[in-house]
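The primary structure of each chain is shown beneath.
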Amino acid sequence: MKDLVIAKFPCGVAHLSSFVVVCAIVWVCYTRSAAEEVADNEPEYFGIVADCRGRLNPPLPANYFGNCVSIMHAELKHGEVQGSDGFVTAEKAIGDVIKENVYNSEKDILHDAAKWPELFQVLIGKC
C-alpha cells in the first residue's frame, strides 16, 4: 500500500507510515460502506490522537504517570474519499495533518489546545 502512495506522489509525501496507511484504509472503507446517500461536497473528517508525553517543551518529569495526548483531524470532501484515488488522497491528508501537528519543530504539539472545543465542534454528529 505504501508503494501505491509513493507511485502517486513521486516527489514524496509529508508522512508515510504503517499507521497512516491503516488509518487511510479505515477512513475509505468506512466512508464507502455508508448506507445513506451523501453529497460529494459534504465534508468528511478523520480524527487522530497522538501521544505527546515525549514532545513537550519543557518535558514532563521522568516519573510522570498519566496521559498527555494531542487531538487532530484530517478533512476531505466525501467525493474525494470515495473517488478512485480515495485511499491515496486520504493517506496524504492524514500524513499532512500528522506532519503539521506532531513533527513540526516550529510549533509546540499542544499549540492550539485552547481552540480544540471550537475546532472539533464540527465533528459532533458526524459519526
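Residues numbered from 1 in each chain as written. Predicted model: local features only at pLDDT ≥ 70, side-chain atom pairs only at ≥ 80, totals over all residues. Heavy atoms only, no water.

Chemist: Explain the overall build of the protein chain residue by residue, including any values.
Modeler: Each helix and strand in the protein chain was counted, giving 5 helices and 2 strands. Counting helices and strands in the order they occur from the N terminus, the protein chain gives α-α-β-β-α-α-α. Within the protein chain, the proportion of its 127 residues that are buried is 32%. Once local pairs closer than 6 in sequence are excluded, the contacts in the protein chain between residues at least 24 apart make up 70%. (Helix = DSSP H or I, 4+ residues; strand = E, 2+ residues; numbered from the N terminus. Buried < 20%, exposed > 50% of the residue type's maximum accessible area, 1.4 Å probe, protein only. Contact = heavy atoms within 4.5 Å.)

Chemist: Account for the nonpolar core, naming residues and giving values.
Modeler: Counting residues in hydrophobic clusters, the biggest one holds 25 residues, and the most contacted among them are Trp27 and Ile94. Those elements that place two or more of their residues in this core are α2 (18–32), β1 (43–51), β2 (69–77) and α4 (86–101). No other element matches the 7 residues that α4 contributes to this core. If we skip the residues at most four places from it in the chain, Ile94 touches Val20, Cys23, Ala24, Trp27, Phe46, Ile48 and Ala74. (Core = buried A, V, L, I, M, F, W, Y, C linked by side-chain atoms within 4.5 Å.)

Chemist: Got a sec to walk through the packing of aromatic side chains? Specific residues and values, please.
Modeler: Within a pair of aromatic rings, the relevant descriptors are the distance that separates the centres and the angle that separates the planes. The tally for this structure, following the rule as stated, stands at 1 aromatic pair. When the centroid spacing of 5.6 Å and the interplanar angle of 35° are considered together, the rings of Trp27 and Phe46 count as tilted. Of the two residues, Trp27 sits in helix α2 while Phe46 sits in strand β1, which places them 19 residues apart along the sequence. (Phe/Tyr/Trp six-rings, centres within 6.5 Å; stacked < 30°, edge-to-face > 60°.)

Chemist: With reference to specific residues and values, describe unusual backbone geometry.
Modeler: Residue Pro58 follows Asn57 across a cis peptide bond; omega there is 5°. Relative to the helices and strands, Pro58 resides in the loop between β1 and β2.

Chemist: Could you give me a rundown of the confidence of the model for the protein chain, with the residues and numbers involved?
Modeler: Reading predicted coordinates in detail is not appropriate for stretches of low pLDDT. Considering every residue of the protein chain, the mean pLDDT works out to 84; 85% of them sit at 70 or more. Least confident of the elements in the protein chain is helix α1 (residues 2–8), whose mean pLDDT is 63; most confident is helix α3 (residues 78–82), at 92. (pLDDT = per-residue confidence, 0-100.)

Chemist: Explain the pattern of salt bridges to me, using residue names and the numbers behind them.
Modeler: Overall, the coordinates contain 3 salt bridges when judged by the stated rule. Here Arg53 ties to Asp51 by a salt bridge, and the two come within 2.9 Å at their closest N and O atoms. Note that Lys107 and Glu100 form a salt bridge whose closest N and O atoms lie 3.6 Å from each other. The class of Lys107 is partly exposed, set by a relative accessible area of 30%. Looking at Glu100, the relative accessible area reads 44%, which means it is partly exposed. (Salt bridge = Lys/Arg side-chain N within 4 Å of Asp/Glu carboxyl O.)

Chemist: How would you sum up the environment of Arg55? Please name residues and give values.
Modeler: With respect to the helices and strands, the residue Arg55 is situated in the loop between β1 and β2. Residue class for Arg55 comes out partly exposed when judged on its relative accessible area of 36%. Excluding its chain neighbours within four sequence positions, the residues that come into contact with Arg55 are Val102, Tyr103, Asp108 and Ile109. A polar side-chain atom of Arg55 sits 2.6 Å from the main-chain carbonyl oxygen of Asp51. (Polar contact = N/O pair within 3.5 Å; in protein donor to acceptor, adjacent residues only side chain to side chain.)

Chemist: Describe the state of the cysteines, with residues and values.
Modeler: Cysteine pairs can be covalently joined through their sulfur atoms, and such a bond is termed a disulfide. Evaluated as defined, the whole model comprises 0 disulfides. Not engaged in a disulfide, the cysteine Cys52 finds its nearest cysteine sulfur in Cys68; these two sulfurs lie 3.4 Å apart. Overall, the relative accessible area of 0% leaves Cys52 in the buried class. (Disulfide = S-S within 2.5 Å.)

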